[in-house]
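The primary structure of each chain is shown beneath.
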Amino acid sequence: EASVAVLLAKAEELKQLIEKVKQKEDVWPNDGDVYYNIDSCGEVSDSRWDNDEWDEARMEIGNVFRTKEDAEKALAKREIETKLRTLVEKAWKDSGKELKWAGNNTPNKYHLFYDHNQNIFEVDANAIAQHIGQVFFPTDESARDAVKEIGEDNLKLLLM
């Protein structure tokens, strides 16, 4: 019986040790961990987590990645988002129209969406509802031109 009690005590110790390791894995990054970020020139670089003001600032804006590949995907996505927003701004400027949401007779604005049944990007008109993160073009044609210029495969990266 004494041997069983000792074995049970050891098992409990091991169980607690395993739990501590699991908790440490859940908290990332830890001091000394390597992580990746996107620098101000748009390059992916690695850094070691020291929990300093640089690390905290990067974490706060979502610029801390576990792998180089994750950072590269995030960079590609940001580049596509920037291109899309640039095309939106140019389309509005070229149209001479103003982006308005309130008031009577608010004109349609055009946004892109992906139809998973048909596997294509489509354009829809909207005059009164705005979705978080969605961009709007002044015309159906300017929205379709953006799909052509950026490319469907690139735009699909924004859906993830």
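Conventions we followed
Residues numbered from 1 in each chain as written. Predicted model: local features only at pLDDT ≥ 70, side-chain atom pairs only at ≥ 80, totals over all residues. Heavy atoms only, no water. Axes fitted to C-alpha atoms, helices over the stretch in contact; angles between N-to-C directions. Helix = DSSP H or I, 4+ residues; strand = E, 2+ residues; numbered from the N terminus. Left-handed = near helix turned anticlockwise from the far one by under 90°. Contact = heavy atoms within 4.5 Å. Nonpolar A, V, L, I, M, F, W, Y, C, P; charged D, E, K, R; others polar. Buried < 20%, exposed > 50% of the residue type's maximum accessible area, 1.4 Å probe, protein only. Lys, Arg positive; Asp, Glu negative; His and termini not counted. Salt bridge = Lys/Arg side-chain N within 4 Å of Asp/Glu carboxyl O. Polar contact = N/O pair within 3.5 Å; in protein donor to acceptor, adjacent residues only side chain to side chain. Phe/Tyr/Trp six-rings, centres within 6.5 Å; stacked < 30°, edge-to-face > 60°. Lys NZ or Arg CZ within 6 Å of the ring centre and 35° of its normal.

Any two packed helices are characterised by the angle at which their axes cross and by the distance between the axes. Contact pair helix H3 (residues 68-95) / helix H4 (residues 140-150): the axes reach a minimum separation of 10 Å and the direction vectors enclose 145 degrees. In this structure, H3 crosses over H4, and the sense of that crossing is right-handed. Residues Ile80, Lys83, Leu84, Leu87 and Ala91 of H3 form the contact with H4, whose own contacting residues are Ser142, Ala146, Glu149 and Ile150. Looking at the contact of H3 with H4, its residues break down into six nonpolar, one polar and two charged.

The topology assignment puts Asp55 in helix H2 (residues 53-60). One buried charge, Asp55, has no salt-bridge partner; the nearest side chain with opposite charge is Arg58, at 4.1 Å. Side-chain polar atoms of Asp55 contact the backbone nitrogen of Asp50, separated by 2.5 Å. Not counting residues within four places of it along the chain, the set of residues in contact with Asp55 comprises Tyr35, Ser47, Arg48, Trp49, Asp50 and Val64.

A word on the packing of aromatic side chains. For any pair of aromatic rings, the description rests on two quantities: the centre-to-centre distance and the angle between the ring planes. The final tally for this structure, using the stated rule, is three aromatic pairs. Between Tyr35 and Trp49 the ring centres are 5.6 Å apart and the planes differ by 70 degrees, which places this aromatic pair in the edge-to-face class. With Tyr35 in strand E1 (residues 34-38) and Trp49 in the loop between strand E2 (44-48) and H2, this pair connects stretches of sequence that are 14 residues apart. Trp49 carries the same exposure label as Tyr35, and that label is buried. A ring pair is formed by Trp101 and Phe136, whose centres lie 4.9 Å apart and whose planes are at 80 degrees; its orientation type is edge-to-face. Note that Trp101 is positioned in the loop between H3 and strand E3 (109-115) and Phe136 in the loop between strand E4 (120-126) and H4, a separation of 35 residues in sequence. The class of Trp101 is partly exposed, set by a relative accessible area of 21%. Since its relative accessible area comes to 4%, Phe136 is described here as buried. Sitting above the plane of the Trp101 ring, Lys109 keeps its charged end 4.3 Å from the centroid.

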